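Coordinates in review
As a plain string of letters, each chain reads:
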Amino acid sequence: MKSKYKIFKFSFAFISFIAMSLVYILLGFVLYKGFSSISLDLIFSDTNPLDALLLKQRVFDGIFPAIVGTFMLITLALSFSLVFGFSAGIYLSIYAKKTTKKVVNLCFELLASVPSILIGLFFLLLSIYLHDRFQANFMPSLLLSSLALGVLIMPYLVQNTRLSLDSIPRNIRQVGINLGLTPTQNLFKVLLPYCSKQLLSGVFLSLGRACEDTAVIMLTGAVASAGIASSIFDRYEALPFYIYYLSTNYADEKELSQAFAASLILLLVALILFLLTKIIQKKFRSFNGYN
């Protein structure tokens, strides 16, 4: 019997090692192909970096506008989805009745399974409809892409919030109630601080999902050589679209290496967001007295 369990243990460990190796092989390959092309020239081209950072001079051939556009896109998308995602998740876990919870859960599960290209197509058609019927100036833009990405990542936030609250032990859930807090006070003073780590982990996963999606943004406003958007109603550049565009239209090995370099920078953006999430997570839990 013990030998049988040892075989299972070895099998699981071996499969885990293979999965981990595949991740590091992928990262190593991207690093090998793109690291040599990372430079200030790739980011700013022939523009003075300080002038570009201060928005005094436009960057034409570098990826600086795509980096800025990516941050703007993710920030707006998360702003839209956080409000609805957290609210719906809290409602499903705390307030919804059993039948309602099943129906709403099914709706969000179906939304999570919708391919991103369909969401992008829907918002593209929405912009065409609004352009024809209401506002002639309404076109694919940063705002439209942010709304589309917000819808794309919202189901992950809803389900993560619900599962995080549902996984809280019953004795913790009853602490505030037994001390005289109302259900809403108990939610904000006990339950949300207790599961803040899981909630913020879900936010990071949603950020990663928003960082990498190309299908949605290429239909709703991302273009090449648009520069930094001056308003949310302008077209914009983003790293995922830049990588897609360059890798499908490269003229030589140098341009393909630039696509890999842009991929590394996109990974760096995701890493920065991950570190910020971890810092906020740690500060939030320390502030509320949880380790």
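Located above this text is the structure these notes cover.
Structure report, in brief. Remember, predicted model here, so these are calculated numbers, not experimental data.

Examining the overall build of the chain
If you tally the helices and strands in the chain, you get 13 helices and zero strands. Seen along its three principal axes, the alpha-carbon backbone of the chain occupies a region of about 65 × 65 × 35 Å. Per-residue burial over the chain gives 39% buried out of 291 residues. Expressed as a percentage of contacts within the chain between residues at least 6 apart in sequence, the contacts between residues at least 24 apart total 72%. Accessible area of the chain: about 17,200 Å², with a carbon and sulfur share of 68%.

Points about the packing of aromatic side chains
Under the definition given, this model contains six aromatic pairs. Consider the rings of Phe 122 and Phe 123, whose centres lie 5.3 Å apart with planes at 90°: the pair is edge-to-face. We classify Phe 123 as buried; its relative accessible area is 8%. Grouping aromatic residues by their ring pairs yields a cluster made of Phe 241, Tyr 244 and Tyr 245.

Here we look at the pattern of salt bridges
Overall, the coordinates contain two salt bridges when judged by the stated rule. Here Glu 253 and Lys 33 are joined by a salt bridge, their closest N and O atoms 3.4 Å apart. Taken together, the positions of Glu 253 in helix α13 (residues 253-287) and Lys 33 in helix α1 (residues 2-34) put the pair 220 residues apart, joining distant regions of the chain. As a salt-bridge pair, Asp 166 and Arg 162 come within 3.4 Å of each other at their nearest N and O atoms. With Asp 166 and Arg 162 both in helix α7 (residues 142-166) and four residues apart, this pair spans about one turn of that helix. Exposure remark for Arg 162: the relative accessible area of 13% places this residue in the buried category.

So, a nonpolar patch on the surface
On the surface, Phe 10, Phe 14, Ile 15, Phe 17, Ile 18, Met 20, Leu 22, Val 23, Tyr 24, Ile 25, Leu 27 and Leu 267 cluster together into a nonpolar patch covering about 1,200 Å² of accessible area. In this structure, Leu 27 sits in helix α1. Under the relative-accessibility criterion, Leu 27 is labelled partly exposed at 37%.

Details of the nonpolar core
Counting residues in hydrophobic clusters, the biggest one holds 45 residues, and the most contacted among them are Ile 43, Ile 63, Leu 149, Ile 217, Tyr 236, Leu 239 and Ile 265. Listed by contribution, the elements that provide at least two residues to this core are α2 (40-44), α4 (64-95), α6 (116-133), α7, α10 (196-212), α11 (215-220), α12 (239-249) and α13. When sequence neighbours within four positions are dropped, the list of residues in contact with Leu 149 reads Leu 73, Ala 77, Ala 210, Asp 213, Val 216 and Ile 217. Ranked by size, the runner-up nonpolar core spans nine residues in total, among them Val 190, Leu 191, Leu 192 and Cys 195.

Some thoughts on the packing of helix α8 (residues 170-178) against helix α9 (residues 183-194)
At a minimum axis distance of 9 Å, the contact between α8 and α9 shows a crossing angle of 140°. Overall, the two elements α8 and α9 adopt an arrangement that is oblique. Classified by chirality, the crossing of α9 by α8 is right-handed. When α8 is examined against α9, the residues Ile 172, Arg 173, Gly 176 and Ile 177 are found in contact with a partner set consisting of Pro 183, Asn 186, Val 190, Leu 191 and Tyr 194.

What to know about the environment of Thr 70
Along the chain, Thr 70 turns up in helix α4. Spatially, the C-alpha atom of Thr 70 lies 8.8 Å from that of Val 269, the residues being 199 residues apart in sequence. Within the local environment of Thr 70, its side chain forms a polar contact with the backbone nitrogen of Leu 239, the two atoms lying 2.9 Å apart.

Quick word on α10
Between its first and last C-alpha atoms α10 spans 25 Å; for 17 residues at 1.5 Å apiece the expected length is 24 Å, and the two agree. Of the residues making up α10, those classed as buried are Ser 196, Leu 199, Leu 200, Gly 202, Val 203, Ser 206, Leu 207, Ala 210 and Cys 211.

Description of the layout of surface pockets
Of the pockets and cavities examined, the largest pocket occupies roughly 440 Å³. What lines the largest pocket is a set of 19 residues, among which Asp 61, Gly 62, Tyr 242, Leu 246 and Gln 258 lie closest to the centre. Looking at the lining of the largest pocket, the elements with two or more residues in it are α2, α12 and α13. Broken down by element, the lining of the largest pocket gets its largest block of residues, four residues, from α12. Of the residues assigned to the lining of the largest pocket, the class counts are nine nonpolar, four polar and six charged. If you add up the space inside the second largest pocket, you get close to 370 Å³.

Structural notes on unusual backbone geometry
For Leu 55, which is not glycine, the phi dihedral falls at a positive 60°. Mapping Leu 55 onto the fold places it in the loop between α3 (49-53) and α4. Unusually for a residue other than glycine, Ser 225 sits at a positive phi of about 60°. Inspection of the secondary structure assignment puts Ser 225 in the loop between α11 and α12.

Rules behind the numbers
Residues numbered from 1 in each chain as written. Predicted model: local features only at pLDDT ≥ 70, side-chain atom pairs only at ≥ 80, totals over all residues. Heavy atoms only, no water. Helix = DSSP H or I, 4+ residues; strand = E, 2+ residues; numbered from the N terminus. Buried < 20%, exposed > 50% of the residue type's maximum accessible area, 1.4 Å probe, protein only. Contact = heavy atoms within 4.5 Å. Areas by Shrake-Rupley, 256 points an atom, 1.4 Å probe, with all protein chains shown as cover. Phe/Tyr/Trp six-rings, centres within 6.5 Å; stacked < 30°, edge-to-face > 60°. Salt bridge = Lys/Arg side-chain N within 4 Å of Asp/Glu carboxyl O. Patch = residues over 30% accessible without salt bridge, like charges linked within 9 Å, V, L, I, M, F, W, Y side chains within 5 Å. Core = buried A, V, L, I, M, F, W, Y, C linked by side-chain atoms within 4.5 Å. Axes fitted to C-alpha atoms, helices over the stretch in contact; angles between N-to-C directions. Parallel < 35°, antiparallel > 145°, perpendicular 65-115°, else oblique. Left-handed = near helix turned anticlockwise from the far one by under 90°. Polar contact = N/O pair within 3.5 Å; in protein donor to acceptor, adjacent residues only side chain to side chain. Expected span 1.5 Å × (residues − 1). 1 Å grid on protein atoms, 1.4 Å probe; cavity = no way out; pocket = protein on both sides within 12 Å on 5 of 7 lines; lining within 4 Å. Points joined across faces, edges and corners; volume = space filled by probe spheres on them. Nonpolar A, V, L, I, M, F, W, Y, C, P; charged D, E, K, R; others polar.

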